[in-house]
Amino acid sequence: VGKYPVPLRHDEDPVRRSDRVSLQLLGIGAVSFTVLLWGLSGVAIKATSVTGIVTAFYRTWFAIPLLWLTMLSPKVRSGIDRNWLRASIVGGVLFCVHQVLYFTSLKLTTVANVTIIGALQPVLVLLLAGRMFGEAVTTASVVWSIVAFVGTAMVVLGSSAAPTWSLLGDTL
């Protein structure tokens, strides 16, 4: 079953092994499908005629039924109190701002630029994580972050001649 089969233990029933393999294949299929849809979403959003704010609004509301289903679990509900809700407000507002800026930038500039610029998020985390969490920032991390930034700048500058390019979209 594939390149990396699940090892069979000597005390294990072979039927159970096939169930595990089936679950692993199902999981791999689900993740692959999700990544495919995620990759196509930028192109699909660019092709729509609505604004970035409208797209962010609908995208957020489509998630609401799943969140409601999650809240049906007593285990989840028991962990949510006023302090948790208060702390989540900042994250929710920042997520909302991110969604609006992301979808608006997709409307203004190339999908490739938005995707590549978005891939720089780990560099921002690197800059903040050391200070916020006391993590050590290695020289190699800094060097590779600079390489990523320079590569992104080259792609963005190279696409500036494209008819769909926009400085505002790249800035958002």
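Structure first, text after, so check above.
Read on for an overview of the structure.

## Digging into the overall build of the protein chain
Line of reasoning, step 1. Looking only at helices and strands, the protein chain has eight helices and zero strands in total.
Line of reasoning, step 2. Helices (α) and strands (β) of the protein chain occur, in sequence order from the N terminus, as α-α-α-α-α-α-α-α.
Line of reasoning, step 3. The proportion of buried residues among the 172 residues of the protein chain is 16%.
Line of reasoning, step 4. In the protein chain, the proportion of contacts linking residues at least 24 apart, taken out of those at least 6 apart, comes to 66%.

## Remarks on the environment of Val156
Line of reasoning, step 1. With respect to the secondary-structure elements, Val156 resides in helix α7 (residues 139-158).
Line of reasoning, step 2. Along the chain, Val156 and Ile116 lie 40 residues apart, while their C-alpha atoms are 8.6 Å from each other.
Line of reasoning, step 3. Non-local contacts of Val156, meaning those with residues more than four positions away in its chain, are made with Asn113, Ile117, Trp165 and Asp170.

## Things to note about the packing of helix α2 (residues 52-71) against helix α4 (residues 82-108)
Line of reasoning, step 1. It is the contact of α2 with α4, at a shortest axis distance of 7 Å, that shows an interaxial angle of 130°. What the angle tells us is that α2 and α4 run oblique. Seen along the crossing, α2 lies across α4 with a hand that is right-handed. Between α2 and α4, the residues in contact are Gly52, Ile53, Thr55, Ala56 and Arg59 and Phe95, Gln99, Val100, Phe103, Thr104 and Lys107, respectively.
Line of reasoning, step 2. Of the residues that constitute the contact of α2 with α4, the class distribution is five nonpolar, four polar and two charged.

## Re the side chain of Thr152
Line of reasoning, step 1. Residue position: Thr152 is located in helix α7.
Line of reasoning, step 2. If we skip the residues at most four places from it in the chain, Thr152 touches Ile116, Ile117 and Leu120.

## A short note on the packing of aromatic side chains
Line of reasoning, step 1. Counted under the stated rule, the structure contains four aromatic pairs.
Line of reasoning, step 2. Both rings, one in Phe57 and one in Trp61, keep their centres 6.2 Å apart while their planes meet at 55°; by these two values the pair is tilted. Taken together, the residues span about one helical turn, with Phe57 and Trp61 both in helix α2 at a distance of four residues.
Line of reasoning, step 3. Residue classification places Trp61 among the partly exposed residues on the basis of a relative accessible area of 46%.
Line of reasoning, step 4. Taking 5.2 Å as the distance between ring centres and 65° as the angle between the ring planes, the aromatic pair formed by Tyr102 and Phe103 counts as edge-to-face.
Line of reasoning, step 5. Taking relative accessible area as the criterion, Tyr102 reaches 26% and is therefore assigned partly exposed.
Line of reasoning, step 6. An aromatic cluster is present here, built from Phe57, Tyr58, Trp61 and Phe62 joined pairwise through their rings.

## A look at helix α6 (residues 121-133)
Line of reasoning, step 1. Here α6 spans 17 Å end to end across 13 residues, near enough to the 18 Å set by a 1.5 Å rise per residue.
Line of reasoning, step 2. Along its length, α6 shows its largest kink, about 30°, at Leu127.
Line of reasoning, step 3. Of the positions making up α6, those classed as buried are Val123, Leu126 and Ala129.
Line of reasoning, step 4. In this structure, the buried residues of α6 make contact with α7.
Line of reasoning, step 5. One or two positions beyond α6, positive phi appears at Gly134, with a value near 70°.

Procedures and definitions
- Residues numbered from 1 in each chain as written.
- Predicted model: local features only at pLDDT ≥ 70, side-chain atom pairs only at ≥ 80, totals over all residues.
- Heavy atoms only, no water.
- Helix = DSSP H or I, 4+ residues; strand = E, 2+ residues; numbered from the N terminus.
- Buried < 20%, exposed > 50% of the residue type's maximum accessible area, 1.4 Å probe, protein only.
- Contact = heavy atoms within 4.5 Å.
- Axes fitted to C-alpha atoms, helices over the stretch in contact; angles between N-to-C directions.
- Parallel < 35°, antiparallel > 145°, perpendicular 65-115°, else oblique.
- Left-handed = near helix turned anticlockwise from the far one by under 90°.
- Nonpolar A, V, L, I, M, F, W, Y, C, P; charged D, E, K, R; others polar.
- Phe/Tyr/Trp six-rings, centres within 6.5 Å; stacked < 30°, edge-to-face > 60°.
- Expected span 1.5 Å × (residues − 1).
- Bend = angle between axes of the 7 residues up to and from the residue.

Purely spatial values, then, with no claim about function.
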